[in-house]
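Breakdown of the fold
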Amino acid sequence: MTTAPLRPFDPRDPRLRSDPHGLFALYRSAEPVHWSETAHSWILTRHRDISGLLRSPGLDPASVLAFSDAVAARVGRNWPALQSFIDAILFLDASAGHRQARRLLAATLNARPLSEYAPMIAGVAEEMLAPLRGERAFDVVARFTDPLPFRVMCRIMGVPDDVGAHLYAISRSVLRLFNFVLGVREMEDFERWLSAAFAEIARLVDARRRVPREDGMTRLMELARNEEGVDDRWLHSRILFLVLVGAETTSAFLGSAIRRSLDEPEVRRAAADPARLPQVVEELLRLDSPVILAARRATADIVVDGRTFPAGSGFIPYITAGNRDPEAYPDPDRFQPGRSGPGNLAFGEGAHACLGGALARLEARVVLPAFFAAIPPARPGEPADEWVPLDTFRRLARLPILVDGPDPECQ
């Protein structure tokens, strides 16, 4: 019996959103370091290769956003608000200022122990769960997992609710920035949205200068006051980055975790045990990473899987593939909190690991038990859930559920 030849890998294959794991298993078994002509990069699907690459020096983040300057030159346009926002995205930043920005943003989020945010997160969760109690059918994504982390980040940074509502509407589209292809019309849309968002942030910054407050925005302004190269453009774009992007991976993860609990009741039971909860969160992150990939470009020769690749080589390590690698995690599709093996790759590793990973874990440890305590066991509703068409992130567009249990009207 002959084996069919491996088809060239296409990073825009819709199966990478809906059901990527069978596809990754095929490439991981046949050719774990695979050249994709479409992506002009080497595709990595094995945990040890991905972890080693992400931790290696001499690698810069690679992104299709780099082509925006070329597009602007070709069509005779530029998008200053979009470029300012792109410059602020830490996991795409290969500039000399990356360490400075990462240090300042980390100090902003960690000005107090993260555990001190837990009561605030619990309060936000209760605000959002209160109207859902007793409802027999609702969309978990729209009513809970999307707005909750965004509201938490706004509270941390000190963004008032009315401004937050405007920025939340913009945030629903921001992840499209990280797709492999962006058109001129999309860039113009982003420019319009981001220009309005920057105007909102500028007004808040001016207000903090007049009357400082105990919030993340004031902390970042104080930390950045005497830093070289930091001006209002820098400040506005970094605040907007934290608000718009800082909540997205958490939203995606919470939606996927609740989706899994519908099919696997053990998730709900395990999350109810405080002693097991950290392990439950790590296992759910491994199974359903919100980040699909982390593109990199070598700035020097690099060895992967015993082969030397020259400087300039592009790599796309697929985090979701590494997290289901049976070499690292036996029986990898099974929910098994506390399993042995390496740490999951959900928030990346190395110099460009996700800055908000610790906060996302804390939110999950607070929010998931609160949701399961407030909402009785449920099942998927109709129409079924669907995935947002994104190349870099895996997140549900909607998750309609039908809540089991007695009808509240009959009680």
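Quick summary incoming for the structure in this document. Within each chain, residues carry numbers counting from 1 in the order of the written sequence. It should be noted that, the model being predicted, local features are given only for residues of pLDDT at least 70 and side-chain atom pairs only at 80 or more, the latter also being counted only at that level, while totals for whole chains, interfaces and linings use all residues. Side-chain descriptors were evaluated using all non-hydrogen atoms of the structure, hydrogens and water having been removed beforehand.

**Brief notes about the pattern of salt bridges**
Here, a salt bridge means any side-chain nitrogen of Lys or Arg that lies within 4 Å of a carboxyl oxygen of Asp or Glu. Using the criterion set out here, one finds 31 salt bridges in the structure. Of the charged contacts in the structure, one is a salt bridge between Glu349 and Arg55, with a shortest N-O distance of 3.1 Å. With Glu349 in the loop between helix 17 (319–322) and helix 18 (357–374) and Arg55 in helix 3 (residues 47–55), the pair connects residues that are 294 residues apart, well separated along the chain. On the accessibility criterion, Arg55 (55% relative accessible area) is exposed. One salt bridge in this structure joins Glu135 and Arg143, with 2.9 Å as the shortest N-O distance. Numbering goes from the N terminus for both helices and strands, where a helix is a DSSP run of H or I of at least four residues and a strand is a run of E of at least two. Partly exposed describes any residue whose relative accessible area lies between the buried limit of under 20% and the exposed limit of over 50%, with all areas from a 1.4 Å probe on protein chains only and scaled to the type maximum.

**Some remarks on the side chain of Glu349**
Since its relative accessible area comes to 11%, Glu349 is described here as buried. Polar contact is the term for a pair of N or O atoms within 3.5 Å; when the atoms are in protein, one must be able to donate a hydrogen and the other to accept it, and sequence-neighboring residues count only if both atoms are side-chain atoms. Within the structure, Glu349 has its side chain in polar contact with the side chain of Ser51 (distance 2.6 Å). At 3.1 Å, the side chain of Glu349 forms a polar contact with the side chain of Arg55. Whether two residues touch is decided by their heavy atoms; if any such pair falls within 4.5 Å, the residues are in contact. Beyond its immediate stretch of four places on either side in the chain, Glu349 contacts Ser51, Leu54 and Arg55.

**Remarks on the sheet that holds strand 12 (residues 400–403)**
Taking strand neighbours across the sheet as the criterion, the three strands line up as 4-12-9 in an open arrangement whose pairing is antiparallel. Of all strands in the sheet, those bounded by a partner on one side alone are strand 4 (137–139) and strand 9 (378–380). The average undirected angle you get between the axes of adjacent strands in this sheet is 30°. Between any two strands, at least two bridges found by DSSP are needed for them to pair. Looking at chain direction, strand 4 and strand 12 are connected through three bridges and run antiparallel. Its bridge partner being in strand 12, Ala137 is matched across the sheet by Leu402. Note on definitions: angles span 0 to 180 degrees between N-to-C directions of axes, and those axes are lines fitted to C-alpha atoms, for helices only across the stretch in contact.

**Describing the pairing of strand 1 (residues 33–36)**
Pairing geometry for strand 1 and strand 2 (residues 41–44), over four bridges, is antiparallel. In the strand pairing of strand 2, Val33 is matched with Leu44. In this antiparallel pair of consecutive strands, strand 1 and strand 2, the connection spans four residues, and His40 shows a positive phi of 50°.

**Focus: the packing of aromatic side chains**
Put simply, two rings from Phe, Tyr or Trp (the six-membered ring, in Trp's case) pair if the centres are within 6.5 Å, and we call them stacked under 30 degrees between planes, edge-to-face over 60, tilted for the rest. Within this structure, the stated rule accounts for ten aromatic pairs. When the centroid spacing of 5.3 Å and the interplanar angle of 80° are considered together, the rings of Phe309 and Phe315 count as edge-to-face. You'll find Phe309 and Phe315 in the same group, each marked buried. Judged by centre distance (5.9 Å) and plane angle (75°), the ring pair of Phe371 and Phe372 falls under edge-to-face. For the pair Phe371 and Phe372, a shared accessibility class is recorded, and that class is buried. In this scheme, the term charge over a ring applies when either NZ of a lysine or CZ of an arginine sits within 6 Å of the ring centre and within 35 degrees of the ring normal. Cation over ring: Arg286 sits above Tyr329, and NZ or CZ is 4.9 Å from the ring centre. The ring of Trp387 carries the charged tip of Arg394 above its face, separated from the ring centre by 3.9 Å.

**Regarding the environment of Glu327**
Residue position: Glu327 is located in the loop between helix 17 and helix 18. The sequence separation of Glu327 and Glu248 amounts to 79 residues, and the corresponding C-alpha distance is 30 Å. Setting aside its immediate chain neighbours within four residues, Glu327 contacts Arg46 and Arg48. At 2.7 Å, the side chain of Glu327 forms a polar contact with the side chain of Arg48.

**A look at unusual backbone geometry**
The phi dihedral of His40 falls on the positive side, at around 50°, and the residue is not glycine. Structurally, the position occupied by His40 is in the loop between strand 1 and strand 2. Accessibility expressed as a relative area gives 48% for His40, which makes it partly exposed.

**Looking at helix 12 (residues 216–224)**
The α-helix winds at 3.6 residues per turn, so residues separated by three or four positions along the chain end up facing the same way. Here helix 12 lies mainly inside the structure; seven of its nine residues are buried. Taken residue by residue, helix 12 has Gly216, Met217, Thr218, Arg219, Leu220, Met221 and Ala224 as its buried positions. A side-chain oxygen of the first residue of helix 12 lies 3.3 Å from the backbone nitrogen of Met217; this N-cap is Asp215.

**What about the environment of Ala39?**
Checked against the element boundaries, Ala39 lands in the loop between strand 1 and strand 2. Taking C-alpha positions, Ala39 is 45 Å from Ala374, a pair spaced 335 residues apart along the chain.

**Some details on the nonpolar core**
Nonpolar side chains in soluble globular proteins tend to end up buried together. Counting 111 residues, the largest nonpolar core has Phe85, Phe144, Leu167, Phe371 and Ile401 as the members making the most contacts within it. Ranked by residue count, the leading element in this core is helix 18, at ten residues. When residues no more than four places from it in sequence are discounted, the contact partners of Ile401 are Arg136, Ala137, Phe138, Val140, Leu262, Phe371, Ile375, Ala378, Arg379, Pro380 and Gly381. Here, the term nonpolar core denotes a set of buried Ala, Val, Leu, Ile, Met, Phe, Trp, Tyr and Cys residues that are joined through side-chain atoms within 4.5 Å. Judged by nonpolar contacts, the second largest core, of 13 residues, contains Ile43, Leu293, Tyr318 and Ala321.

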